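Listed below are the residues making up each chain.
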Amino acid sequence: MTDEIAVIGAGRMGEGIALTFLAAGLPVVLADVKERTDDERSAYCGRVRDRLAEQLRAKVGDDAALAGLTVCGRETAELSGAAVVFEAVPEVIEVKREALAWACTRVGESAVIASTTSTFLVTEIAKLVDRPGRVVNAHWLNPADLMPLVEVSRSDDTDPDAVATLTGLLERIGKVPVVCGPAAGYIVPRLQALVMNEAARMVEEGVASAADIDLAVRAGLGPRFSVLGPLEFIDWGGCDILYYASRYLKGELGERFQHPDVIERHMTTDRRGLQDGAGFYDFDPAGVPEYRAARMREFQDVFGLREPHLRNGTPVPTKQED
Ligand SMILES: NC(=O)C1=CN([C@@H]2O[C@H](COP(=O)(O)OP(=O)(O)OC[C@H]3O[C@@H](n4cnc5c(N)ncnc54)[C@H](O)[C@@H]3O)[C@@H](O)[C@H]2O)C=CC1
Ligand SMILES: O=C(O)[C@@H](O)C(=O)[C@H](O)[C@@H](O)CO
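This section reports on the structure supplied with the text. Quick caveat, the model's predicted, so the values are computed rather than measured.

Description of the environment of Val288
So, step 1. Position of Val288 relative to the elements: it lies in helix α11 (residues 288-312).
So, step 2. The exposure class assigned to Val288 is buried, which follows from its relative accessible area of 15%.
So, step 3. Residue contacts for Val288: discarding those within four places in its chain leaves Leu274 and Phe283.

Listed below in C-alpha cells is the structure:
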C-alpha cells in the first residue's frame, strides 16, 4: 500500500483532513473539484495552500511537511497513487455523485473511497461509485485535525479489507476509528442531536440561560462522558436509576424520554450494572475495586485539566446594544 492520501474538496473538512495527514508525515493530494475559471482555481488553491502552511506551523512548529502537499484542480489532479481517497464536497447528493464519478475515473484499482458525509448512508454513497465494495463512510468530527474520533460506517456489501485499510491508516496517524453499521446519524451525530435539541428546548422553556446550560455540559456531562461512556455510566450508576428517571421524565416531559426495551430487560434479568456484576458489560467482582479506582484516577486527570479552562475560558463574543 502506498502512503499517499487524496482528498477531494478543499473546504473545512478537506483542509482539516489534509492537515492531519501532512502533520503525520504522509503525502497528500488535495483536489478542488468545483467548476472554476483558471484564475479562480489558481487563487483558490493558493489560499488553501497558504492556510495549510500556517496551520502546519502552528501544529508542528514548521511547514516542512508542506513539501508533501499537492493542491490542484480537477483538470490536473493525479489520484492514481492514492491508497485512500477522502471525498469532502458539500452535503448535496448531486454534488457527491458528480465528484465521486469523476474520482472513479482517476483512482487506482485498489484505492479505498471514504466519504466524509454527515448524513448519507454508506449504502447510498456506494451507489455513486464503480465498485461499491471499496466505499466506506469516514465521518470525521469537526475540527478534523484535533478530534480523535473518526466514525467508520460500512455495510454488508463493504469489502472488509477496505474497512481494515481505512481503520489501519487512521490508527497509524493517531486517530481513534470506531466502526458502525449503515445507520442514520452514526453514533455521535445521533447522540448529540438529542442533546443539542434538548438544550435548545430548555432555553426556549426558560429552564436556564444558554450560558448556564453550556456550562453545565462543560463542567458536568462532557468531562464525565470523557471518562465513562453513556453505556458504562448506566452500569456504573445503576440501570434502575435510568429506568425510574425515564419513567418520571416521560410523565413530566413527554414520550421522547421513553427508555428502550433493553433497559426493561436489564431490570428484569439482574443486569442492573455493577451492583449485579452485569449490565451492558460483565464485571469480574475481583476486579471491580481496581476498576473503580482506575476510573476515579481518570476523573482526577480530566478535572485537573478542565478546572482552569472552565473558570477562565474564552468568553463568547456578545453583541453590544447601541
Ligand atoms: N462542517 C462540519 O462540521 C462537518 C462536515 N462534514 C461533512 O464533510 C463534507 C464537507 O463539508 P465541509 O468541509 O464543511 O464543506 P465546505 O463547504 O467547507 O467545503 C466544501 C468544498 O467543496 C467545494 N465545492 C462547493 N461546491 C462544489 C461543487 N458543486 N462541486 C464540487 N466541489 C464543490 C467548496 O469550494 C469546498 O472546497 C460534507 O459532506 C459534510 O456533511 C462532516 C463532519 C463535520
Ligand atoms: O459532530 C460533528 O463534528 C459533525 O458531524 C456535526 O456537527 C454534524 O454535522 C451534525 O451532528 C450537526 O448536527
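On we go.
A closer look at the sheet that holds strand β5 (residues 112-115)
Remark on secondary structure: sheet strands pair via backbone hydrogen bonds, oriented parallel or antiparallel.
So, step 1. If you trace the 8 strands from one edge of the open sheet to the other, you get β3-β2-β1-β4-β5-β6-β7-β8, paired in mixed fashion. Of all strands in the sheet, those with a lone pairing partner are β3 (69-73) and β8 (176-180), marking the two edges. With strand direction ignored, the average angle separating the axes of adjacent strands in the sheet is 25°.

Things to note about the site of ligand 1
So, step 1. Around ligand 1 there are 20 residues in total, and Met13, Tyr44, Glu91, Lys96 and Ser118 lie nearest to it.
So, step 2. Taking Gly11, its main chain carries an N or O atom lying 3.2 Å from an oxygen atom of ligand 1.
So, step 3. At 2.7 Å from an oxygen atom of ligand 1 is found a side-chain nitrogen or oxygen belonging to Lys96.
So, step 4. When isolated, ligand 1 has an accessible area of 830 Å², and the protein chains bury 78% of it.
So, step 5. Within the residue set of the shell around ligand 1, elements represented by two or more residues are α1 (12-23), α3 (93-104) and β6 (135-140).

Let's talk about the packing of aromatic side chains
So, step 1. A full pass over the atoms with the stated rule returns 7 aromatic pairs.
So, step 2. Between Tyr243 and Tyr244, the aromatic rings sit 5.1 Å apart at their centres with planes inclined by 75°, giving edge-to-face as the arrangement.
So, step 3. With relative accessibility at 10%, the residue Tyr243 sits in the buried group.
So, step 4. Overall, Tyr244 belongs to the partly exposed group, its relative accessible area being 46%.
So, step 5. Ring geometry for Phe283 and Tyr291: centres 5.8 Å apart, planes at 40°, overall tilted. The residues Phe283 and Tyr291 share a single accessibility class, namely buried.

A word on the layout of surface pockets
So, step 1. By volume, the second largest pocket is sized at about 610 Å³.
So, step 2. As for the second largest pocket, its lining consists of 24 residues, and the residues nearest its centre are Gly11, Ala88, Val89, Pro90 and Glu91.
So, step 3. With 4 residues, α3 is the largest single contributor of residues to the lining of the second largest pocket.
So, step 4. Here the residues of the lining of the second largest pocket sort into 10 nonpolar, 7 polar and 7 charged.

A few points about the nonpolar core
So, step 1. Of all hydrophobic cores here, the largest spans 39 residues; its most connected members are Phe21, Phe86 and Trp140.
So, step 2. Not counting the four nearest positions on each side in its chain, Trp140 is found in contact with Met13, Ile17, Thr20, Phe21, Phe86, Thr116, Leu149, Val150, Leu170, Ile173 and Lys175.
So, step 3. One finds Ala31, Val89, Trp102 and Cys104 within the second-largest nonpolar core, a separate group that totals 26 residues.

Describing the site of ligand 2
So, step 1. Residues in close proximity to ligand 2 include Ser118, His139, Leu141, Asn142, Pro189, Gln192 and Met196, which together make up its full environment.
So, step 2. Within the backbone of Asn142, an N or O atom sits 3.0 Å from an oxygen atom of ligand 2.
So, step 3. In the model, an oxygen atom of ligand 2 is placed 2.7 Å from a nitrogen or oxygen of the Gln192 side chain.
So, step 4. Starting from 330 Å² of accessible surface for ligand 2 in isolation, the protein chains cover 62%.
So, step 5. A per-element tally of the shell around ligand 2 places helix α6 (residues 188-205) first, with 3 residues.

Description of the environment of Leu170
So, step 1. Note on placement: Leu170 falls in helix α5 (residues 160-172).
So, step 2. Separated by 20 residues in the primary sequence, Leu170 and Val150 have C-alpha atoms spaced 7.9 Å apart.
So, step 3. With residues near it in sequence (within four places) discarded, Leu170 still touches Trp140, Val150, Val152, Lys175 and Pro177.

Points about the pairing of strand β2 (residues 28-32)
So, step 1. Counting buried positions along β2 gives 5 out of 5 residues, so the element sits mostly inside the fold.
So, step 2. Because side chains alternate across β2, one face comprises the buried residues Val28, Leu30 and Asp32, and the other comprises Val29 and Ala31, equally buried.
So, step 3. By the bridge criterion, 4 bridges tie strand β1 (residues 5-8) to β2 in an arrangement that is parallel. Within β2, the residue paired with Ile5 across the bridge is Val28.
So, step 4. Between the parallel pair β1 and β2, the chain is carried across by α1, and the sense of this crossover is right-handed.

Quick notes on the rules
Residues numbered from 1 in each chain as written. Chains lettered and ligands numbered in written order. Predicted model: local features only at pLDDT ≥ 70, side-chain atom pairs only at ≥ 80, totals over all residues. Heavy atoms only, no water. Helix = DSSP H or I, 4+ residues; strand = E, 2+ residues; numbered from the N terminus. Buried < 20%, exposed > 50% of the residue type's maximum accessible area, 1.4 Å probe, protein only. Contact = heavy atoms within 4.5 Å. Pairing = 2+ DSSP bridges. Axes fitted to C-alpha atoms, helices over the stretch in contact; angles between N-to-C directions. Near = heavy atom within 4 Å. Polar contact = N/O pair within 3.5 Å; in protein donor to acceptor, adjacent residues only side chain to side chain. Areas by Shrake-Rupley, 256 points an atom, 1.4 Å probe, with all protein chains shown as cover. Phe/Tyr/Trp six-rings, centres within 6.5 Å; stacked < 30°, edge-to-face > 60°. 1 Å grid on protein atoms, 1.4 Å probe; cavity = no way out; pocket = protein on both sides within 12 Å on 5 of 7 lines; lining within 4 Å. Points joined across faces, edges and corners; volume = space filled by probe spheres on them. Nonpolar A, V, L, I, M, F, W, Y, C, P; charged D, E, K, R; others polar. Core = buried A, V, L, I, M, F, W, Y, C linked by side-chain atoms within 4.5 Å. Right-handed = clockwise from strand over helix to strand, strands pointing away.

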